[in-house]
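In case you want the letters, here they are:
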Amino acid sequence: MDKFIIKGPVKLKGKIIISGSKNSALPILFASLLIEDSVEIKNIPQLKDIDIVMKILIKLGVKIKKKKSLIIDASNILQYNIPSYLIKSIRASIWILSPLLTRLGKVNIAFPGGCSIGNRPIDLHINSLKLLGAKINIKENFIKGYIKKKFIGNIIRMKSISVGATITIILAATLASNITIIENSAKEPEIKDLANFLNTMGANIQGAGTNKIVIEGVKKLKGGVYKIIPDRIETGTFLVAAAICRSKILCKHTNPNNLNIVLNKLQKAGAEIKIGKDWCSINMHNQRPKSVNIITGPYPNFPTDMQSQFALLNLVSKGTSTIKENIFKNRFMYVPELIRMGANIILKKNILKCKGIKLLSGAEVTATDLRASVSLVLAGCIASGITIINNISYIDRGYENIENKLSSLGANIQRIKY
Ligand code: EPZ
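Since the structure is predicted, the reported quantities are computational estimates derived from the model, not experimental observations.

> I'm lost on the side chain of Asp305 in this one. Help?
With respect to the element layout, Asp305 can be found in the loop between strand 17 (294-295) and helix 10 (307-315). On the accessibility criterion, Asp305 (16% relative accessible area) is buried. Excluding residues that lie within four positions of it along the chain, Asp305 makes contacts with Asn23, Ile233, Arg331 and Arg371.

> Teacher, can you tell me more about the layout of surface pockets here?
Regions of empty space are outlined by a rolling probe, equal in size to a water molecule, passed over the atoms. Considered as a void within the structure, the largest pocket measures approximately 1,200 Å³ in volume. Within the residue set of the lining of the largest pocket, elements represented by two or more residues are helix 1 (22-31), helix 5 (123-131), helix 6 (163-173), helix 8 (232-245) and helix 12 (370-382). Residue composition of the lining of the largest pocket, grouped by class: 19 nonpolar, 13 polar and 16 charged. Size it by volume and the second largest pocket reaches roughly 460 Å³. In terms of lining residues, the second largest pocket is bounded by 21 residues, among which Ile18, Asn43, Lys68, Lys227 and His253 are the most central. Classifying every residue of the lining of the second largest pocket gives six nonpolar, eight polar and seven charged.

> Explain empty space enclosed by the protein here, please?
Inspection of every chain in the model, using the stated rule, returns one cavity of 30 Å³ or more. Taken as a whole, the largest cavity holds about 60 Å³ of empty space. If you go around the largest cavity, the residues you meet are Ile44, Pro45, Gln46, Leu47, Ile50, Asp51, Met54, Lys66, Lys67, Lys68, Ser69 and Leu70. Among the elements that line the lining of the largest cavity, the one with the most residues is helix 2 (residues 48-59), at three residues. Residues of the lining of the largest cavity, tallied by class, amount to six nonpolar, two polar and four charged.

What counts, and where the lines are drawn
- Residues numbered from 1 in each chain as written.
- Predicted model: local features only at pLDDT ≥ 70, side-chain atom pairs only at ≥ 80, totals over all residues.
- Heavy atoms only, no water.
- Helix = DSSP H or I, 4+ residues; strand = E, 2+ residues; numbered from the N terminus.
- Buried < 20%, exposed > 50% of the residue type's maximum accessible area, 1.4 Å probe, protein only.
- Contact = heavy atoms within 4.5 Å.
- 1 Å grid on protein atoms, 1.4 Å probe; cavity = no way out; pocket = protein on both sides within 12 Å on 5 of 7 lines; lining within 4 Å.
- Points joined across faces, edges and corners; volume = space filled by probe spheres on them.
- Nonpolar A, V, L, I, M, F, W, Y, C, P; charged D, E, K, R; others polar.

Following this line, the structure appears as structure tokens:
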């Protein structure tokens with residue numbers, strides 16, 4: 001289990017190239033299983049989660065060539081039994097259900113895994129697939145399913161908004177017979193990216209990015225080339241890095257339009273924000289940030305994946321603030337770790353009360369989930385003294401080359417391999 005040794009405080013500043021979006025690349029890789037042809041996908045980030053999905057695809061018989069981009073040919077899918085350790089290691093493996101049922105008519109996989117930020121149920125995925133004609137039963141944590149010939153289009157009114165279930169339905173409806181309508185669909189930019197990818201390959205998906213998506217099933221998809229959108233959460237994370245260091249950072253190869261609410265919150269914290277077509281910058285002019293209140297919610301509300309980063313911002317800002325987490329039931333596991341670093345925070349149910357202090361102190365802490373762990377790394381960069389972060393395997397799941405990117409901004413960070 002690798003660990004980071006970080007010396008602080010430092011002022012992180014400079015330029016950073018943003019990688020492709022993890023939460024776009026994952027569904028798009030599974031969507032490539034629907035295409036009996038070769039596709040080229042650009043801007044795929046080098047992440048552990050991506051490596052795991054590629055292992056799953058190769059187990060299925062998919063041919064993958066890795067150059068600067070990924071060339072994927074899923075013409076021949078040979079089998080549907082995937083080793084459980086691969087399926088259980090990531091949440092994204094739930095998105096194998098729709099393509100395998102479409103291509104092979106049957107599926108038998110273990111329950112997916114994912115960060116322990118809540119109990120991560122899959123009822124919305126399963127109920128939607130049943131509404132599209134699949135027979136599914138779950139026994140001893142295995143998901144067994146089959147469909148007669150094809151998924152059959154239907155109207156699916158989501159009882160609650162779910163990014164993952166919206167993606168599962170899109171993947172099932174793309175080659176289904178008839179039309180599928182998703183009402184109360186999630187509107188995240190990554191869903192729009194998935195629809196754009198599939199439409200590039202010949203699908204007919206309208207309305208992605210809104211709360212109503214209409215998918216007209218097509219007979220077959222063809223190959224093509226597609227570039228993944230930039231990672232909006234990585235962008236937000238580096239902008240917060242500048243905010244807590246009272247410095248300035250330019251994020252390049254990104255799309256600021258997917259981050260409006262985060263940029264507005266940073267402006268409220270006192271940041272000067274500038275944006276261009278594929279870049280955005282933050283400048284704090286050496287001023288201490290002001291604390292901001294946060295309520296997380298489905299897009300375009302404040303992203304839950306930026307919650308821990310803004311908790312850190314509030315911990316070193318002027319004033320008191322609250323952070324309310326409405327998406328996941330257990331997304332404050334980092335709180336005890338930050339308290340060890342001197343943070344003045346009180347957690348009551350899903351509301352965190354923060355009182356800003358001037359300087360955190362280095363300590364030995366343990367990463368608990370992907371986004372929280374990067375906040376601990378940033379905390380170590382601004383804390384006085386040495387911070388040791390155990391269990392950093394989470395970070396490699398979602399942040400490409402994190403220690404090199406932070407070192408290029410001035411961080412004093414060393415990875416110790418165990
Ligand atoms: C996706 O998770 C992202 N993961 C998460 O990013 C992100 O935080 C989340 O969407 C935002 O909503 C990937 O894209 C791989 P949901 P997902 O379905 O699909 C409940 C990161 O750090 N729910 O939108 O799992 C669920 O428990 C990760 O990159 C059900 O009840 O999220 C949650 O409370 C973390 N039943 C809420 O819905 C279901 O069948 C929203 O979950 C599915 C979800």
